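What the coordinates show
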Amino acid sequence: MSTGFPGSDAQSDFSRARRARLLADIGRRMRREPDDVALMLPFEEVVEALGRTGQHDLGLQIVPLDAIVGSVDRTVDFDRGLRPTSARLRSRWERIAAAQRRGEALPPVSLYKIGDLYFVRDGHHRVSVAKSLGREDIDAYVTEVTTRIKLGDDTRVSDLPLKDHERLFRERVPLPPEARARIKVNDPWDYGMLAEAVEAWGFRAMQNRGTYMDRGEVAWHWFKEEYEPVVELLKAGDLIADGETETEAYMRVAADRYRVLRTHEWSDEVLEQLRRGERRRKWRRRTPPRQQRRKGL
C-alpha cells in the first residue's frame, strides 16, 4: 500500500516489518520450534565450522532474497527473515525505505556465498527493506567461499559445533562421498571418538599387513572391511536400537565387543554373545512385575 508520501509510507513499512517479526516469533513458539530457528547464521563461525578451502570473486549478480540467511557482523539486528529486531534501526531503515519508494537507485549490496546460501557483508538495511517491500531479488557483488563441508539450507546456529566436529572427522578419516554420507551421529563428540577408533583400526591393520597405509587408504579399508560388514551383522542380528543411527550402533557394539571379549575380531560367536548381552540389558530396563502391581498397572 502507498499513500504517495514516501516518508510516511516508510514509517509504516518499518512498523509492519517489526510486527511481522513479532508474529513470526509467536508462531515459532506455538509450534515449539528451537529458539535458533529464527537466528541469522554468523558467517565467521560457519566458515570455521565448515572449513574454508578458498574464495573467488563472482562479480555483480542477481541474488534471490530468500537465499540470504546470514551476516558477517549484524546477526543480532535482523532475524533470519531479514526483519529488524530492534527499534534503534528505525531511522536508517526508514531513510532507505523512503529512497526506494521514491525510485532512487541504490548501490548493490555485498554478499558472501557458501554453497547456495548467502551472507550479508555490507548492505543489511538495503536487504531488509527490499524484502519488506516484496522484492524477490537484489543486485549484489558476490564473493564465493568454498568449504570442506556443505552448508545445508536448514542449518541452524546450534548445528555449527556438529559441523565443526564432522569437518575434523573428515580430515582425519577422508572417506569418499558415498561412504561419508552413511556416517551419522547425533552427539558431535562421537565424531572424535570414531576418528580415534578408525585410526586405531588402521594401526592394527598396518601391523597385520606389514605395510604402510595413508589416511585415505585406512579410511577406505576400514569402511569396506570393518564398518560395512559389521553394520550388516547388526541389522541381521537386530542390534540397532530405536532412535539410534547405524554409526552409533556400530560404535556401541564395537566398544562392547572389546570391553567384554577383549577382541577386535568379529565372528558369529562374538555377535551371539553381544546379542545375549543386549537382551539382558533390555530385560533389566523393564519394570519389575511387583513394582507394576504396586503402581496398579
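Here's what I pulled together on the structure shown here. Every value quoted in this text rests on a predicted model; they were computed, and no experiment measured them.

A tally of helices and strands in the protein yields eleven helices and six strands. Counting the 297 residues in the protein, one finds 41% classified as buried. Contacts spanning at least 24 positions in sequence make up 71% of the contacts within the protein whose residues lie at least 6 apart. When the accessible surface of the protein is split by element, carbon and sulfur atoms take 50% of a total near 17200 Å².

Here we take up the nonpolar core. Ranked by internal contacts, the top residues of the largest apolar core, which has 27 residues, are Leu-175, Ile-183, Leu-194, Trp-222 and Tyr-250. Broken down by secondary-structure element, the contributors of at least two residues to this core are helix H7 (189-209), helix H8 (215-236) and helix H9 (246-261). Here this core takes eight residues from H8, the largest share from any one element. Ignoring anything within four residues of it in the chain, the contact list for Leu-175 reads Arg-180, Ile-183, Ala-219, Trp-220, Trp-222 and Phe-223. Counting residues in each nonpolar core, the second largest holds 25 residues, with Phe-78, Ala-97, Tyr-118 and Val-129 among its members.

The next subject is the pairing of strand S5 (residues 117-122). Sheet topology places strand S3 (residues 68-71) next to S5; three bridges connect them, and they run parallel. Across the sheet, the residue bridging to Ile-68 is Tyr-118, located in S5. Direction of pairing for strand S4 (residues 109-114) relative to S5: antiparallel, over a ladder of five bridges. Within the sheet, the bridge partner assigned to Ile-114 lies in S5 and is Leu-117. Connecting S4 to the antiparallel partner S5 that follows it, the hairpin turn spans two residues, and Gly-115 within it adopts a positive phi of roughly 65°.

Glancing now at a nonpolar patch on the surface. Among the surface-exposed residues, Leu-22, Leu-23, Ile-26 and Met-30 lie close enough to one another that they form a single nonpolar patch of about 450 Å² accessible area. Position of Leu-22 relative to the elements: it lies in helix H1 (residues 6-30).

Next up on the list: the packing of aromatic side chains. To describe a pair of aromatic rings, you give the distance between the ring centres and the angle between the ring planes. Enumeration according to the criterion identifies eight aromatic pairs in this entry. An angle of 10° between the planes, with centres 4.3 Å apart, marks the rings of Phe-43 and Tyr-112 as stacked. Of this pair, Phe-43 sits in helix H2 (residues 43-50) while Tyr-112 sits in strand S4, and the two are 69 residues apart along the sequence. Taking the relative accessible area as the measure of exposure, Tyr-112 reaches 12% and is therefore buried. For the pair Trp-222 and Tyr-250, a centre-to-centre distance of 5.9 Å together with 75° between the ring planes defines the contact as edge-to-face. Of the two residues, Trp-222 is situated in helix H8 and Tyr-250 in helix H9; the sequence distance between them amounts to 28 residues. Three or more aromatic residues joined by ring pairs make a cluster, and in this case those are Trp-222, Phe-223, Tyr-227 and Tyr-250.

Interhelical geometry of H7 versus H8 gives an angle of 95° and a closest axis separation of 9 Å. Judged by the angle between their axes, H7 and H8 are roughly perpendicular. Contacts between H7 and H8 involve Leu-194, Val-198, Glu-199, Trp-201, Gly-202 and Arg-209 from the former and Arg-215, Val-218, His-221, Trp-222, Glu-225 and Glu-226 from the latter. Across the contact of H7 with H8, the residue classes tally to five nonpolar, two polar and five charged.

In a structure, side chains of opposite charge can pair up when their charged atoms sit close to one another. Scanning the model with the defined rule gives 17 salt bridges in all. Here Glu-94 and Arg-90 are joined by a salt bridge, their closest N and O atoms 2.6 Å apart. Taken together, the residues span about one helical turn, with Glu-94 and Arg-90 both in helix H3 (residues 90-101) at a distance of four residues. Classification of Arg-90 by relative accessible area gives partly exposed; the value is 32%.

Quick look at H3 now. Side chains three or four residues apart in an α-helix point the same way, a direct result of the helix having 3.6 residues per turn. Compared with an ideal rise of 1.5 Å per residue, which puts twelve residues at 16 Å, H3 spans 16 Å between its outermost C-alpha atoms and is within 8% of the ideal. Listing the buried residues of H3 in full gives Trp-93, Glu-94, Ile-96, Ala-97, Ala-98, Ala-99 and Gln-100. Within two residues after H3, Gly-103 carries a phi angle of roughly 85°, on the positive side.

The subject of this paragraph is the environment of Asp-57. Along the chain, the position of Asp-57 falls in strand S2 (residues 52-64). Contacts of Asp-57, omitting those with residues within four sequence positions, involve Val-142 and Thr-143. Side-chain polar atoms of Asp-57 contact the backbone nitrogen of Gly-59, separated by 3.0 Å.

Basis of the calculations
- Residues numbered from 1 in each chain as written.
- Predicted model: local features only at pLDDT ≥ 70, side-chain atom pairs only at ≥ 80, totals over all residues.
- Heavy atoms only, no water.
- Helix = DSSP H or I, 4+ residues; strand = E, 2+ residues; numbered from the N terminus.
- Buried < 20%, exposed > 50% of the residue type's maximum accessible area, 1.4 Å probe, protein only.
- Contact = heavy atoms within 4.5 Å.
- Areas by Shrake-Rupley, 256 points an atom, 1.4 Å probe, with all protein chains shown as cover.
- Core = buried A, V, L, I, M, F, W, Y, C linked by side-chain atoms within 4.5 Å.
- Pairing = 2+ DSSP bridges.
- Patch = residues over 30% accessible without salt bridge, like charges linked within 9 Å, V, L, I, M, F, W, Y side chains within 5 Å.
- Salt bridge = Lys/Arg side-chain N within 4 Å of Asp/Glu carboxyl O.
- Phe/Tyr/Trp six-rings, centres within 6.5 Å; stacked < 30°, edge-to-face > 60°.
- Axes fitted to C-alpha atoms, helices over the stretch in contact; angles between N-to-C directions.
- Parallel < 35°, antiparallel > 145°, perpendicular 65-115°, else oblique.
- Nonpolar A, V, L, I, M, F, W, Y, C, P; charged D, E, K, R; others polar.
- Expected span 1.5 Å × (residues − 1).
- Polar contact = N/O pair within 3.5 Å; in protein donor to acceptor, adjacent residues only side chain to side chain.

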